[in-house]
Protein chains: 2
Amino acid sequence: MIDQQHITGRALRDLVRAGKHTTITAGVAMGYVQANLAILPREQAFDFLLFCQRNPKPCPLLDVTEAGDPEPRLCAPGADVRTDLPRYCVYRHGELICEPTDIRDLWQKDWVAFLIGCSYTFENALMQESLPLRHLSENCNVPMYRTNIACQPAGIFHGPMVVSMRPMTPAQAIRATQICARFARAHGTPIHLGDPAAIGIRDITKPDFGDAVTIRPGEIPVFWACGVTPQAVVMQAKPAICVTHKPGHMFLTDWKDADLE
Amino acid sequence: MIDQQHITGRALRDLVRAGKHTTITAGVAMGYVQANLAILPREQAFDFLLFCQRNPKPCPLLDVTEAGDPEPRLCAPGADVRTDLPRYCVYRHGELICEPTDIRDLWQKDWVAFLIGCSYTFENALMQESLPLRHLSENCNVPMYRTNIACQPAGIFHGPMVVSMRPMTPAQAIRATQICARFARAHGTPIHLGDPAAIGIRDITKPDFGDAVTIRPGEIPVFWACGVTPQAVVMQAKPAICVTHKPGHMFLTDWKDADLE
């Protein structure tokens, strides 16, 4: 039995590629940066690259491959985005059609892969400072909400920002802001705290994605730009084809969390 | 006579558009962010956007327009990149063919404009802290050098990083690093200090661009990634058409220097 918590990002990718890890990547290869994946044909890739460039908080780009090249040469030389994620979601015209563990048979020579920073990076840093992550202590998914904050549109891509929420005391929220400021490439500082209505959230107990968590007396909701945003925006644009990671089944890079500071 | 030093970026653009300012933009609309310009057809724009994304220190993107749209909607709503720079350089297959003050007659519906952060932003911050800028006190251009540091290539674009150099004492270099760390979108911290040979510079008295400046006893050369890098890289790729600002004749945005922090 391999201790998957204390291996490198590369070792975890090797396990994934060999079919020996097909589940979520929470808590594996601790300290290595994990990434969201979105693959689009070059025709849409320029607009999407522009969308990410204009919306760095929800879409912090870690690496973008050359058209047709499945190797993320910056963050994971030698890796292959067609085989090295535990599970994929394949969308045609915005509709989920399958969830394979390998996309080599689908891959086209004009495809571009986008690897986008993920909240695990700043959550690890918050945990190390003993700040609360309620969704972990309540053993569920982080609550996520659609807001009335419009992303900067780019070509065919537009839509509202999706945020994740973690309840904290005001003092903890201030400390969390200070810590997350170090990780601009993993969503960075919160984008809002306090009144949910101020960003268009009607009912904090009813997240649009993930699960509701307890907000204790003396705590306020703290909101971060969320990596679900680019996925929601791509789905809304309904491109002929798009491949993403299956939620929670992320790509492991060779970078350590500290490399993103 | 209008005091061009204390007007807004927008007011300066209005003067430029009206043909009332056709010279360099050093010292005008002080406190407003100035930008380098590069225009490419959409065919090359994806590769160039990727190049900038992979090389943020020499190529810090401030704004990228939609194909065919001459308005930089993020940094200067209402502006027009075809008329609002004092002078342009038009290159065909890498060769300079003219230096017009207006490019409306050249503009094509697939052209994309890139506005890239500029050293003026951090130089203003350094000046406010009384750090030395030798090229200003010696009334010449900043010295720039080709290095042996390879940029991360992207598609057709590749080449060495070009750096600018400012002599400082070690204590000043440390303070400058601290200040420039605030301006990641204007080249950020230095990339090297001390021995020029360590980054492939053979003779510090012979810059590849700009002018040599005095390095006083007790001073070391301090090197920053330079906005000439993307221009050098584009020229090397010899695209059929490319338009840039004429050196020193920058685009004035609506953003204040502090907005880049």
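Keep in mind that this is a model prediction, so the values were computed, not measured.

What counts, and at which threshold
Sequence order as written defines residue numbering, which begins from 1 separately in each chain. In the order they appear in the text, chains get letters beginning with A and ligands get numbers beginning with 1. It should be noted that, the model being predicted, local features are given only for residues of pLDDT at least 70 and side-chain atom pairs only at 80 or more, the latter also being counted only at that level, while totals for whole chains, interfaces and linings use all residues. Side-chain measures here rest on the full set of heavy atoms in the structure, leaving out hydrogens and waters. Whether two residues touch is decided by their heavy atoms; if any such pair falls within 4.5 Å, the residues are in contact. By buried area we mean how much accessible surface two parts lose on assembly, using a 1.4 Å probe and totalling the loss over both. We define a salt bridge as a contact between a side-chain nitrogen of Lys or Arg and a carboxyl oxygen of Asp or Glu at a distance within 4 Å. Polar contact is the term for a pair of N or O atoms within 3.5 Å; when the atoms are in protein, one must be able to donate a hydrogen and the other to accept it, and sequence-neighboring residues count only if both atoms are side-chain atoms. Numbered from the N terminus, helices here are DSSP runs of H or I no shorter than four residues, and strands are runs of E no shorter than two. Only protein chains enter the accessibility calculation, which uses a 1.4 Å probe; a residue whose area is less than 20% of its type maximum is buried, one above 50% is exposed, and one in between is partly exposed. Only residues whose relative accessible area exceeds 30% and that form no salt bridge are eligible for patches; like-charged ones are grouped when within 9 Å, while nonpolar side chains (Val, Leu, Ile, Met, Phe, Trp, Tyr) are grouped when within 5 Å. Computed with the Shrake-Rupley method and a 1.4 Å probe, the accessible areas treat only the protein chains shown as cover for residues. Note that the domain bounds reflect an automated or database-derived domain assignment. Note on residue categories: nonpolar means Ala, Val, Leu, Ile, Met, Phe, Trp, Tyr, Cys or Pro, charged means Asp, Glu, Lys or Arg, and polar means any other residue, Gly included. In what follows, a disulfide is any cysteine sulfur pair within 2.5 Å. In this scheme, strands are said to pair when DSSP sees at least two bridges between them. All axes are obtained by fitting lines to C-alpha atoms, using only the stretch in contact for helices, and the reported angles, taken between N-to-C directions, cover 0 to 180 degrees.

Participant: A description of the interface of chain A and chain B should follow, citing residues and the corresponding values.
Facilitator: Across the boundary between the two partners, chain A contributes 19 residues, which contact 19 residues of chain B. With both sides pooled, the region where chain A packs onto chain B buries about 1800 Å², and carbon together with sulfur makes up 55% of that total. On inspection of chain A and its partner chain B, the count reaches four salt bridges. The partner of B:Asp47 in a salt bridge is A:Arg42, with the nearest N and O atoms 3.7 Å apart. Here chain A is connected to chain B by nine residue pairs in polar contact (both at pLDDT 80 or more).

Participant: Help me get a handle on the pattern of salt bridges, residues and values and all.
Facilitator: Taken as a whole, this structure holds 30 salt bridges over all chains when the rule is applied. A salt bridge links B:Arg73 to B:Asp69; the shortest N-O distance between them is 2.8 Å. Across the salt bridge formed by B:Glu123 and B:Arg166, the nearest N and O atoms sit 2.8 Å from each other. You can see B:Glu123 sitting in helix H3 (residues 120–128) and its partner B:Arg166 sitting in strand E7 (residues 160–168), a full 43 residues away along the chain. B:Arg166 matches B:Glu123 in its accessibility class, with the two residues each being buried. The network of salt bridges with common partners includes A:Asp69, A:Glu71 and A:Arg73.

Participant: Tell me what's going on with a nonpolar patch on the surface, and back it up with residues and numbers.
Facilitator: A contiguous nonpolar surface patch, about 250 Å² in accessible area, is contributed by A:Met30, A:Met127 and A:Leu136. As for its position among the elements, A:Met127 is in helix H3 (residues 120–128).

Participant: So what's going on with the environment of B:Ile156? Which residues, and what values?
Facilitator: Residue and element names in this part refer to chain B. Note on placement: Ile156 falls in the loop between strand E6 (144–150) and E7. On the accessibility criterion, Ile156 (40% relative accessible area) is partly exposed. Residues Ile156 and Pro190 lie 34 residues apart in sequence; the distance between their C-alpha atoms is 27 Å. In contact with Ile156, not counting residues within four places along its chain, are Gln44, Asp47 and Ala237.

Participant: Describe the domain arrangement of chain A, with residues and values.
Facilitator: Residue and element names in this part refer to chain A. Along its sequence, chain A is organised into domain 1 (9–119 + 236–260) and domain 2 (131–230). Measuring from the centre of the C-alpha atoms in domain 1 to the corresponding centre in domain 2 gives 23 Å. In this complex, domain 1 contributes 24 residues to the contact, which on the side of domain 2 involves 27 residues. Between domain 1 and domain 2, the buried area comes to about 2100 Å², and carbon and sulfur atoms account for 63% of it. Run the count over domain 1 and domain 2 and you get zero salt bridges. Across the contact surface, domain 1 and domain 2 share eight residue pairs in polar contact (both at pLDDT 80 or more). Broken down by secondary-structure element, the contributors of at least two residues to the side of domain 1 that touches domain 2 are strand E1 (32–41), helix H2 (42–54), strand E2 (61–64), strand E5 (111–117) and helix H6 (228–237). Of the residues forming the side of domain 1 that touches domain 2, the biggest block, six residues, is contributed by H2. Classifying every residue of the side of domain 1 that touches domain 2 by side-chain character gives 14 nonpolar, six polar and four charged.

Participant: Break down the side chain of A:Arg13 for me, with residues and values.
Facilitator: Examined against the element boundaries, A:Arg13 turns out to sit in helix H1 (residues 9–17). Here A:Asp254 takes part through its side chain, which lies 2.9 Å from a polar atom of the side chain of A:Arg13.

Participant: Talk me through the state of the cysteines; I want residue IDs and the actual numbers.
Facilitator: Residue and element names in this part refer to chain A. The tally for this structure, following the rule as stated, stands at zero disulfides over all chains. Cys118 provides the cysteine sulfur closest to Cys75, a residue in no disulfide bond, and the two sulfurs are 12 Å apart. Here Cys75 falls in the buried class, since its relative accessible area comes to 0%.

Participant: An account of H3(A) is requested, with residue identities and associated values reported.
Facilitator: Listing the buried residues of H3(A) in full gives A:Thr121, A:Phe122, A:Glu123, A:Asn124, A:Ala125 and A:Leu126. Looking at the residues trailing H3(A), positive phi occurs at A:Ser130, about 60°.

Participant: Residues and numbers for the sheet that holds strand E8 (residues 192–193) of chain A, please.
Facilitator: Residue and element names in this part refer to chain A. Strand order in the open sheet formed by four strands is E6-E7-E9-E8, and the pairing between neighbours is antiparallel. With one partner strand each, in any of the chains shown, strand E6 (144–150) and E8 form the two edges of the open sheet. Pairing between strand E7 (residues 160–168) and strand E9 (residues 220–225): six bridges, direction antiparallel. Across the sheet, residue Met168 finds its bridge partner in E9, namely Ile220. Where H6 meets the sheet, it contacts E6 and E7, and its direction lies at approximately 150° from that of E7.

Participant: Describe the side chain of B:His192, listing the residues and the values that go with them.
Facilitator: Residue and element names in this part refer to chain B. Relative to the elements of secondary structure, His192 occurs in strand E8 (residues 192–193). Residue classification places His192 among the buried positions, given a relative accessible area of 18%. Of the polar contacts made by the side chain of His192, one reaches the backbone oxygen of Asp195; its length is 2.7 Å. Leave out the neighbours within four places in its chain, and His192 touches Ala198, Ile199, Val222 and Phe223.

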